[in-house]
Amino acid sequence: MARIIVVTSGKGGVGKTTTSAAIAMGLAKKGHKTAVIDFDVGLRNLDLIMGCERRVIYDFINVINGEASLNQALIRDKNCNQLYILPASQTRDKDALSQEGVGKVLEELAKDFQYIICDSPAGIEKGAQLAMYYADDAFVVTNPEVSSVRDSDRMLGILSSKSRRAETNQEPIKEYLLLTRYSPERVKLKEMLSVDDVQEILSLHLLGVIPESKSVLNASNSGLPVILDEKSDAGQAYMDVVARYLGEECPHRFIDEKKGLLGKLFGGR
């Protein structure tokens, strides 16, 4: 039975698409057949981060409208044969999405895939609500700043009340917190919220902390999910997120400030 994961946030620019690409690649690299869907109709960024923008012939809306089959629209990832991408349309608007159409595509994908990642647009408009509606799990992505956390809190209300699981009295969507662009040094200077501050507001299970890192931008510009950059802090952090989600025990490695050589010599970590 496929597990449907929505990657969501209230605020734009927090790293949802980066996270969707990394999580999908991580699950696929672990041997799980995975599909990742771009719900951001009209913008279409996922295919750029996955490095397959030139291979897009048909898209999510073509499949919903019956203009192409799912097999025609799915793009196999060039780095992992267990991963497939279903791109969004750049020429339609979000009204082209329908609850029935999305449900049919997800139902068809569920016959062949173990995990389906829904890369949601920011906010509470139609595309975001449809990305959340069928979810089993939600990765709530937030930056350690007040406005981002406040908007994420609003998304939790929608997840708990406007999903298929809520409407049919099933077990609620499992919600996980993913904190991105985190800098312990800036937390120490009171320039951003700490992990404890964010958890106090949102009260979610902490799945991972992704450090502020140039490697994220470098990976995006190269058309590679950052999780493939195993030497980078961000790549390692996303690998840890996938491992935790799959039930492995992993310590959080990027919450505390890094110590220099003198700090290590005099009792630091």
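Since this is a predicted model, take the numbers as computed values, not measurements.

*Asks:* Is there a simple way to think about helix α11 (residues 214–222) in this case?
*Replies:* In an α-helix there are 3.6 residues to a turn, and that puts residues three or four apart on one side. For α11, the full list of buried residues reads Ser 215, Val 216 and Ala 219. The buried residues of α11 occupy an angular sector of 105° when projected down its axis, which confines them to one face. In α11, those exposed residues whose orientation departs by more than 90 degrees from the buried face are Lys 214, Leu 217 and Asn 221. Packing partners of the buried residues in α11 comprise α1 (16–29) and α12 (233–245). Of the residues trailing α11, Gly 223 is marked for its positive phi of about 70°.

*Asks:* Before we go on, may I ask you to explain α12 in this structure?
*Replies:* Under the 1.5 Å per step criterion, the end-to-end length of α12 is 18 Å for 13 residues, consistent within 8% with the ideal 18 Å. Of all the residues in α12, the buried ones are Ala 234, Gly 235, Gln 236, Ala 237, Tyr 238, Asp 240, Val 241, Val 242, Ala 243, Arg 244 and Tyr 245. A positive phi of about 100° marks Gly 247, the residue just after α12.

*Asks:* Looking at this structure, how should I read the pairing of strand β5 (residues 115–119)?
*Replies:* Strand residues, when the strand is regular, have side chains that alternate between the two faces of the sheet. The element β5 is extensively covered by neighbouring structure, given that 5 of its 5 residues are classed as buried. Because side chains alternate across β5, one face comprises the buried residues Tyr 115, Ile 117 and Asp 119, and the other comprises Ile 116 and Cys 118, equally buried. Bridge count for strand β1 (residues 3–8) against β5 is 5 bridges, and the pairing is parallel. Pairing of Ile 4 across the sheet is with Ile 116, part of β5. Examined bridge by bridge, strand β2 (residues 34–38) and β5 share 5 bridges and lie parallel to one another. Each residue of the ladder has a partner; that of Ile 37, found in β5, is Cys 118.

*Asks:* Mind showing me how you'd approach the pattern of salt bridges here?
*Replies:* Two side chains with opposite charge may pair up if their charged atoms get near one another. Taken as a whole and assessed by the stated rule, the structure comprises 12 salt bridges. Lys 11 serves as the salt-bridge partner of Glu 145, at 3.5 Å between the closest nitrogen and oxygen. Residue Glu 145 is found in the loop between β6 (137–142) and α7 (146–161), and its partner Lys 11 is found in the loop between β1 and α1; the two are separated by 134 residues along the sequence. Each of Arg 186, Glu 191 and Glu 212 takes part in a single network of salt bridges with overlapping partners.

*Asks:* Would you take a moment to explain the packing of α7 against helix α10 (residues 195–202) for this structure?
*Replies:* Helix-helix packing: each pair is described by the crossing angle between the helix axes and the interaxial distance. Interhelical geometry of α7 versus α10 gives an angle of 30° and a closest axis separation of 10 Å. Between α7 and α10 the crossing geometry is right-handed. Contact residues: α7 offers Val 149, Ser 152, Asp 153 and Leu 156, while α10 offers Val 198, Ile 201 and Leu 202. A per-class count over the contact of α7 with α10 returns 5 nonpolar, 1 polar and 1 charged.

Calculation notes
- Residues numbered from 1 in each chain as written.
- Predicted model: local features only at pLDDT ≥ 70, side-chain atom pairs only at ≥ 80, totals over all residues.
- Heavy atoms only, no water.
- Buried < 20%, exposed > 50% of the residue type's maximum accessible area, 1.4 Å probe, protein only.
- Helix = DSSP H or I, 4+ residues; strand = E, 2+ residues; numbered from the N terminus.
- Arc of directions from axis to C-beta.
- Contact = heavy atoms within 4.5 Å.
- Expected span 1.5 Å × (residues − 1).
- Pairing = 2+ DSSP bridges.
- Salt bridge = Lys/Arg side-chain N within 4 Å of Asp/Glu carboxyl O.
- Axes fitted to C-alpha atoms, helices over the stretch in contact; angles between N-to-C directions.
- Left-handed = near helix turned anticlockwise from the far one by under 90°.
- Nonpolar A, V, L, I, M, F, W, Y, C, P; charged D, E, K, R; others polar.

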